[in-house]
Amino acid sequence: MKDILQRIAATKLVEVDAARSVLPLEALREMAAQVVVPTRSLSRQITAREIGIIAEFKRRSPSRGEISPMASVADVVADYTANGAAACSILTDTPYFGGALTDLQVARTVTDLPLLRKEFVVDEYQIYQARLAGADAVLLIASLLDALTISRFTDIAHSLGLEVLLELHGEEELAKVNPDADLIGVNNRNLRDFSVAFTASMSLIDRLPASAVKIAESGIHCREDLISLRNAGFDGFLIGEAFMSTPSPGDTLAAFVGVKS
């Protein structure tokens, strides 16, 4: 039986093929090239904050199931913006996370913060989609892509003005680190069985490029977790479930940032 990550990747390939049949890549590429609205720098927003949090919007996950299935992306992102987020991450996967590309488009209308398209990118088509939908950055997952593809996708993203958050899960992926990636994330969640442990972050932090903007991802459930990871050397933190599982994601974010206690 294929692991969760590979099942999601297979679903993405089917989705991209369906989208191409409606709007061919060349037409999408031309549309993206015509976008003149400047993008915002995710990396600079993170390093400008004492506690740089990328606050994530997601309705469900394969590991947790339903988290906040009726959540309004407009309301949550506006609350994140008002309560100290450095940026927002918008999950656009539908089958596994309950998101949509339209969530990214709506989020763009309610915030001036940088937006990360959180998606399982397996085709350049998804990068052009991200630019058209209002993203400022895209996620590339090293577990899904070889080093040459990471390099090519990074070049495409940069040609569109998008930054790249390159996500690692283990030591074996260090060889895939692209020096042109704007941010490097370490995901504490094993995407094969969705278990969580901070050992991934702690074991890799000293082996990442010194110049990299370093992001700890997943499994951060309290301010103490965040402080521990910051003390280890991380510049920013991608947090979603800890916010979305509470009645007021914005207020919970504010407590993490230190605005509220």
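For the structure, see preceding data.
Per chain, residues are indexed from 1 in the order of the written sequence. Whole-chain, interface and lining totals are the exception, using all residues; otherwise, since this is a predicted model, local features are given only for residues with pLDDT of at least 70 and side-chain atom pairs are given and counted only at 80 or more. With hydrogens and water excluded, all non-hydrogen atoms of the structure serve as input to the side-chain values.

Helix and strand definitions follow DSSP, with helices as H or I runs of at least four residues and strands as E runs of at least two, each counted in order from the N terminus. With respect to the element layout, Asp103 can be found in helix 5 (residues 101-110). At 2.7 Å, the side chain of Asp103 and the side chain of Arg59 are in polar contact. In contact with Asp103, not counting residues within four places along its chain, are Phe57, Arg59, Val73, Ile90, Leu91 and Gly98. Polar contact is the term for a pair of N or O atoms within 3.5 Å; when the atoms are in protein, one must be able to donate a hydrogen and the other to accept it, and sequence-neighboring residues count only if both atoms are side-chain atoms. Note on contacts: a residue pair is in contact if any heavy atoms of the two residues lie within 4.5 Å.

Only protein chains enter the calculation, and the probe is 1.4 Å; a residue is then buried if its accessible area is under 20% of its type maximum, exposed if over 50%, and partly exposed in between. Those residues of helix 4 (residues 73-82) that fall on the buried side of the exposure criterion are Val73, Val76, Val77 and Tyr80. The buried residues of helix 4 all sit within an arc of 95 degrees when viewed along its axis, so they share a single face. Projecting away from the buried face of helix 4 at angles above 90 degrees are the exposed residues Asp75 and Ala82. Here the buried face of helix 4 lies against strand 1 (52-57), strand 4 (87-91), helix 5, helix 10 (241-244) and helix 11 (249-257). One or two residues past the end of helix 4 sits Gly84, with phi positive at roughly 105 degrees. The arc under discussion is defined with respect to the helix axis, by the directions toward the C-beta atoms.

Considering the arrangement of structural elements, one finds Thr92 in the loop between strand 4 and helix 5. Placed 45 residues apart in sequence, Thr92 and Ala137 show a C-alpha to C-alpha distance of 13 Å. If sequence neighbours within four positions are ignored, Thr92 has contacts with Gly99, Ala100, Leu101, Leu104, Arg117, Lys118 and Glu119. Polar contacts involving the side chain of Thr92 include one to the side chain of Arg117, which spans 2.9 Å.

What follows is about the packing of helix 4 against helix 5. Relative to each other, helix 4 and helix 5 sit at 45 degrees, their axes nearing to 9 Å. When the interaxial angle is binned, helix 4 and helix 5 end up oblique. Of the two elements, helix 4 crosses helix 5, and the hand of that crossing is right-handed. On helix 5, the residues touching Val73, Ala74, Val77 and Ala78 of helix 4 are Asp103, Val106, Ala107 and Val110. For every element, the axis is a line fit to its C-alpha atoms; helices are fit only across the contacting stretch, and the angle between N-to-C directions ranges from 0 to 180 degrees. Note on terminology: angles under 35 degrees are roughly parallel, angles over 145 are roughly antiparallel, angles of 65 to 115 are roughly perpendicular, and the others are oblique. Put simply, a crossing is left-handed when the front helix is turned counterclockwise from the back one by less than a right angle, and right-handed when it is turned clockwise.

A few words on the environment of Leu165. Note on placement: Leu165 falls in strand 7 (residues 163-168). On the basis of relative accessibility, which here comes to 0%, the residue Leu165 falls in the buried class. Here the alpha-carbon distance between Leu165 and Gly185, two residues 20 residues apart in the chain, equals 6.5 Å. Sequence-distant contacts of Leu165, defined by excluding residues within four places in its chain, comprise Leu116, Val138, Leu139, Leu140, Leu183, Ile184, Gly185, Ile215, Glu217 and Leu238.

Most of strand 9 (residues 213-217) sits out of view: five of its five residues are buried. With burial as the criterion, each face of strand 9 is covered, one bearing Val213, Ile215 and Glu217 and the other bearing Lys214 and Ala216. Whether two strands pair comes down to DSSP finding at least two bridges between them. Bridge count between strand 8 (residues 183-187) and strand 9: five bridges; the pairing is parallel. Each bridged residue has a counterpart across the sheet, and for Ile184 the counterpart in strand 9 is Lys214. The pairing of strand 9 with strand 10 (residues 236-239) spans three bridges and is classified as parallel. Bridge pairing in strand 10 links Ala216 to Phe237. You can see the chain leave strand 9, run along helix 9 (residues 223-232) and come back into strand 10, and the turn it takes is right-handed. For crossovers, right-handed means that the path from the first strand over the helix to the second runs clockwise, given strands pointing away from the viewer.

Looking now at the pattern of salt bridges. Salt bridges, as used here, are contacts in which a Lys or Arg side-chain nitrogen is within 4 Å of a carboxyl oxygen on Asp or Glu. Applying the stated criterion to the full structure yields 17 salt bridges. Measuring nitrogen to oxygen at the nearest pair gives 2.7 Å for the salt bridge that ties Asp123 to Arg20. Taken together, the positions of Asp123 in the loop between strand 5 (115-118) and helix 6 (125-133) and Arg20 in helix 1 (residues 4-22) put the pair 103 residues apart, joining distant regions of the chain. The partner of Arg29 in a salt bridge is Glu124, with the nearest N and O atoms 3.1 Å apart. Taken together, the positions of Arg29 in helix 2 (residues 25-33) and Glu124 in the loop between strand 5 and helix 6 put the pair 95 residues apart, joining distant regions of the chain. Since its relative accessible area comes to 27%, Arg29 is described here as partly exposed. Glu124 gets classed as buried once you look at its relative accessible area, which sits at 14%. One network of salt bridges, with partners in common, ties together Lys12, Glu15, Asp93, Arg117 and Glu119.

Distances and angles like these do not, on their own, reveal function.
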